[in-house]
Amino acid sequence: MQVIKYVFQPHGDKRGQLVALEEFVDIPFKIKRVYYMYNTIEGVTRGHHAHKSLEQILICIHGSCKVRLDNGEEKKVVPLEKPYEGLYISNNMWREMFEFSPDAVLMVLASEVYDENDYIRDYDEFLKFISKDKKIVK
Ligand code: T46
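The shown structure was predicted, so the numbers you read here are calculated from the model rather than taken from an experiment. (Residues numbered from 1 in each chain as written. Predicted model: local features only at pLDDT ≥ 70, side-chain atom pairs only at ≥ 80, totals over all residues. Heavy atoms only, no water.)

Bringing the packing of aromatic side chains into the picture now. In the structure shown here, the tally under the stated rule is 6 aromatic pairs. Aromatic side chains Tyr36 and Tyr38 sit 6.2 Å apart centroid to centroid with 35 degrees between the ring planes, which places their arrangement in the tilted category. Judged by its relative accessible area of 52%, Tyr36 is exposed. Ring geometry for Tyr114 against Tyr119: centres 5.8 Å apart, planes inclined by 65 degrees, an arrangement best described as edge-to-face. Given a relative accessible area of 14%, Tyr119 falls into the buried group. Sitting above the plane of the Phe98 ring, Arg68 keeps its charged end 4.4 Å from the centroid. (Phe/Tyr/Trp six-rings, centres within 6.5 Å; stacked < 30°, edge-to-face > 60°. Buried < 20%, exposed > 50% of the residue type's maximum accessible area, 1.4 Å probe, protein only. Lys NZ or Arg CZ within 6 Å of the ring centre and 35° of its normal.)

This is the structure we're talking about:
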């Protein structure tokens, strides 16, 4: 599995740092939604789902957390601990976010507006969904 992590350009000067993100320049899709999570309770794991078509970039803009990616064949854990790094998550990828530091703010840039019908929240259903996709490709 290829993990795609973007390293954004911080515009630093004597006042501090600033990161600017533009769709199709720094982000590979049109940004239709931004959301973020904070005050995550210690020990909590979020996610536990995949998306049928949504693409996203996850940026831990404060603190740190980890993301487990699972494409049905392989799993990888990716730490997010820098405000200038973004993890790209494609569709058809099971994700779990965990080990949030108490000060973590995880911001997500999404290619689509919120649509509950795009979620696959059952792992067995996810495996069936991606195996259907593979048959179509063959
Ligand atoms: C994802 C990971 C990384 C909305 O009303 N609008 C929204 O845009 C979102 C994202 C959520 N919600 C509501 C739906 C639930 O009642 O907020 C509540 C928490 O959402 P959820 O349990 O889906 O949160 P996570 O952290 O498990 O997953 C979220 C995204 O939903 C998901 O797309 O990939 O972050």
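Moving on, there is more to tell.
All chains considered together, the criterion is met by 9 salt bridges. Among the salt bridges present, the one from Lys76 reaches Glu74, with a minimum N-O distance of 3.9 Å. On the basis of relative accessible area, Lys76 is assigned to the partly exposed category, the value being 31%. Note on Glu74: relative accessible area 31%, which makes it partly exposed. The salt bridge partner of Glu116 is Arg121, with a shortest N-O separation of 2.9 Å. (Salt bridge = Lys/Arg side-chain N within 4 Å of Asp/Glu carboxyl O.)

With that settled, the discussion passes to the sheet that holds strand S3 (residues 46-51). Ordered in space as S6-S5-S8-S3-S10, the 5 strands form an open sheet in which the pairing is antiparallel. The sheet is open, and its two edges are formed by strand S6 (75-80) and strand S10 (119-120), each paired on a single side. Sheet topology places S3 next to strand S8 (residues 94-98); 3 bridges connect them, and they run antiparallel. From the neighbouring strand, His49 faces S8, where its bridge partner is Arg95. (Pairing = 2+ DSSP bridges. Helix = DSSP H or I, 4+ residues; strand = E, 2+ residues; numbered from the N terminus.)

Residues in close proximity to the ligand total 13 residues, the closest being Arg33, Arg46, His51, Gln56 and Tyr119. Between the ligand and the protein, one listed contact pairs an oxygen atom with a side-chain N or O atom of His49 at 3.3 Å. Here the ligand, which alone exposes 650 Å², has 68% of that area covered by the protein. The set of elements that each furnish at least two residues to the shell around the ligand consists of strand S2 (33-37), S3 and S8. No other element matches S3, which puts 4 residues into the shell around the ligand. Among the residues making up the shell around the ligand, the classes are represented as 5 nonpolar, 4 polar and 4 charged. (Near = heavy atom within 4 Å. Polar contact = N/O pair within 3.5 Å; in protein donor to acceptor, adjacent residues only side chain to side chain. Areas by Shrake-Rupley, 256 points an atom, 1.4 Å probe, with all protein chains shown as cover. Nonpolar A, V, L, I, M, F, W, Y, C, P; charged D, E, K, R; others polar.)

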